[in-house]
Amino acid sequence: MKPKQLMRTIFTHAILVSGLPALTRLLLWRDRVAVLLYHDPDPATLDSHLAYLKRNCDFVPMSEVNKPGKGRRRAALTFDDGHVGNAALLPIFIKHGVRPTIYICSSIVAHERTHWWLTPGAQHAGVKRLIKLPNSQRLEELARRGFQQDVRSDEAPVSGLSREQIEAMLPYVDFQSHTRFHPTLTRLDDQECIDELAQSKREVEQLTGSPCEHFAYPYGRYGSREVAMLKATGYKTGRTTAVGWNDERSDPFRLSAFDIEDDSSLPWFAAQMTGVPLAWRLLPLGTVKSILIRTLNFARLGKPQTNAG
Ligand SMILES: [Zn+2]
């Protein structure tokens, strides 16, 4: 087992044994709304998570997130980007009676295009570094590596939902906006930012025939300028990636979420629903974390290897 996986296993057991899941349900979750954020999970994994959630809370759509509770815990299900794999989740949504929101990149889905960070050029260049660049610089670097966001890539498969898939899902899913091309909003100039917000709203409405009023910030990065522009372009909510529960007192343009890892085992999922692993991830404890990982690595090297995994 790799040090990181070993650390996660220990962390998961520590959280579950401590009784934190029950404690957070009682003291923090109460009848508030936990907004779950996924990207591209496989159907079996999502099925197990929803079965677990069903025993612990009611499912509500995103339109209920700012409404007062009635004494029962609530959860809303969201997916970012509009990955083509989301189409296979439809039977799971129907099985569990949940109406999710999928925040789509409106100029990638239904266009036979690829989310930029999934292309070989972006992966070679380093996605984490590219996210931080001014937008024009990021696009220039991607262009030098043979990728243009509005042209079908020769090197990477189409990664967004097709128009037909979206139409088939419309009776069961709310499609909302996650920009047109998934830039980092805070690295756009004012005009680029307004264009991404306003045009994606229009494109989602054309695609679905319904109002587009909800937005998810790419990478969870936003500031007061982005909030002001969301309001000015007619949105009613903005979902961040900050961890926490929501209720009628939450700022609708700074909604919290639980950013769940797509391939989470059920114990790891239950641990993430306490909010502790997500808060840990955000803590500036790089040195402490790396010492822990090195210690575990050292301990592991002292033992004989039992398998290749
Ligand atoms: Zn995204």
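What you see is a predicted model; the values in this text were computed from it and never measured. (Residues numbered from 1 in each chain as written. Predicted model: local features only at pLDDT ≥ 70, side-chain atom pairs only at ≥ 80, totals over all residues. Heavy atoms only, no water.)

J.: Any chance you could explain the coordination of the zinc ion here in plain terms?
T.: Ideal values for angles at a metal depend on the geometry: 109.5 degrees with four tetrahedral donors, 90 or 180 degrees with six octahedral donors. Donor atoms from the polypeptide that coordinate the zinc ion comprise Asp81 (OD), His178 (NE2) and His182 (NE2), at 2.1 Å from the metal. Spacing between the donor residues of the zinc ion along the chain follows D-x96-H-x3-H. Highlighted residues: Asp81 in strand β3 (residues 74-81) and His182 in the loop between β5 (174-177) and α9 (190-208), separated in sequence by 101 residues. Like His182, Asp81 is buried. (Donors = N, O, S within 2.8 Å, 3.2 Å for Na, K, Ca; no water. Helix = DSSP H or I, 4+ residues; strand = E, 2+ residues; numbered from the N terminus. Buried < 20%, exposed > 50% of the residue type's maximum accessible area, 1.4 Å probe, protein only.)

J.: I would appreciate a short explanation of the pairing of strand β1 (residues 33-38) in the present structure.
T.: Look at any regular strand and the pattern is simple: side chains alternate between the two faces of the sheet. Counting buried positions along β1 yields six of six residues, so the element is predominantly enclosed. Here β1 shows no split at all, with Val33, Val35 and Leu37 on one side and Ala34, Leu36 and Tyr38 on the other all buried. As judged from the six bridges shared by β1 and β3, these two strands associate in the parallel manner. Within β3, the position partnered with Val33 by the bridge is Arg74. (Pairing = 2+ DSSP bridges.)

J.: Just checking my understanding: could you explain unusual backbone geometry for this structure?
T.: Excluding glycine, a negative phi dihedral is what most residues carry, and trans is how most peptide bonds are arranged. Phi is positive for Arg30, close to 45°, though the residue is something other than glycine. Looking at the element boundaries, Arg30 is found in the loop between α2 (20-29) and β1. We classify Arg30 as partly exposed; its relative accessible area is 39%. Of note in the backbone geometry, Asp81 takes a positive phi value of approximately 95° without being a glycine.

J.: What is the right way to look at the environment of Arg180 in this model?
T.: With respect to the secondary-structure elements, Arg180 resides in the loop between β5 and α9. Taking the C-alpha atoms as reference points, Arg180 and Ile104, separated by 76 residues in sequence, lie 8.0 Å from one another. In this structure Arg180 touches Cys105, Ser106, Ser107, Ile108, Asp195, Glu196, Gln199, Ser200 and Glu203, once residues within four positions along its chain are discounted. In terms of polar contacts, Arg180 uses its side chain to reach the side chain of Ser107, at 2.8 Å. (Contact = heavy atoms within 4.5 Å. Polar contact = N/O pair within 3.5 Å; in protein donor to acceptor, adjacent residues only side chain to side chain.)

J.: Please clarify how the packing of α9 against helix α10 (residues 224-232) should be interpreted in this entry.
T.: Angle between the axes and distance between the axes: these two values describe a pair of packed helices. Between α9 and α10, the least distance of the axes is 10 Å, while the angle of their chain directions is 45°. In terms of orientation, α9 lies oblique with respect to α10. Considering how the two elements wind past one another, α9 and α10 form a crossing that is right-handed. Residues Asp190, Cys193, Ile194 and Leu197 of α9 form the contact with α10, whose own contacting residues are Arg225, Glu226, Met229 and Leu230. (Axes fitted to C-alpha atoms, helices over the stretch in contact; angles between N-to-C directions. Parallel < 35°, antiparallel > 145°, perpendicular 65-115°, else oblique. Left-handed = near helix turned anticlockwise from the far one by under 90°.)

J.: Looking at this structure, how should I read the confidence of the model for the protein?
T.: Should pLDDT be low for a region, the predicted coordinates there are not to be read in detail. Averaged over all residues, the pLDDT of the protein equals 90, while 91% of them reach at least 70. Note that residues 298-309 has pLDDT below 50 and, in this model, five contacts with residues that lie over four places away or in other chains. (pLDDT = per-residue confidence, 0-100.)

J.: Any chance you could explain the packing of aromatic side chains here in plain terms?
T.: The relative placement of two aromatic rings is captured by the distance of their centres and the angle of their planes. Scanning the model with the defined rule gives eight aromatic pairs in all. Here Tyr217 and Tyr222 contribute two aromatic rings whose centre-to-centre distance is 4.4 Å and whose plane-to-plane angle is 20°, an arrangement assigned as stacked. Taking the relative accessible area as the measure of exposure, Tyr217 reaches 0% and is therefore buried. Residue classification places Tyr222 among the partly exposed residues on the basis of a relative accessible area of 27%. (Phe/Tyr/Trp six-rings, centres within 6.5 Å; stacked < 30°, edge-to-face > 60°.)

J.: What is the right way to look at a nonpolar patch on the surface in this model?
T.: A surface patch of nonpolar side chains, about 390 Å² in accessible area, is lined by Leu23, Leu26, Leu27 and Leu28. Structurally, the position occupied by Leu26 is in helix α2. The exposure class assigned to Leu26 is exposed, which follows from its relative accessible area of 62%. (Patch = residues over 30% accessible without salt bridge, like charges linked within 9 Å, V, L, I, M, F, W, Y side chains within 5 Å. Areas by Shrake-Rupley, 256 points an atom, 1.4 Å probe, with all protein chains shown as cover. Salt bridge = Lys/Arg side-chain N within 4 Å of Asp/Glu carboxyl O.)

J.: Looking at this model, I keep getting lost on the environment of Leu197. Mind explaining?
T.: Along the chain, Leu197 turns up in helix α9. On the basis of relative accessible area, Leu197 is assigned to the buried category, the value being 0%. Setting aside chain neighbours within four positions, we find Leu197 in contact with Leu185, Phe215, Glu226, Met229, Leu230, Thr233 and Tyr235.

J.: How should the nonpolar core be read in this particular structure?
T.: Core analysis: the largest hydrophobic core is formed by 47 residues, its most contacted members being Leu36, Leu53, Phe93 and Met273. Non-local contacts of Phe93, meaning those with residues more than four positions away in its chain, are made with Leu46, Leu77, Phe79, Val98, Pro100, Met169 and Val173. The next biggest cluster of nonpolar side chains, apart from the first, holds eleven residues, and it includes Leu37, Val65, Ala76 and Ala257. (Core = buried A, V, L, I, M, F, W, Y, C linked by side-chain atoms within 4.5 Å.)

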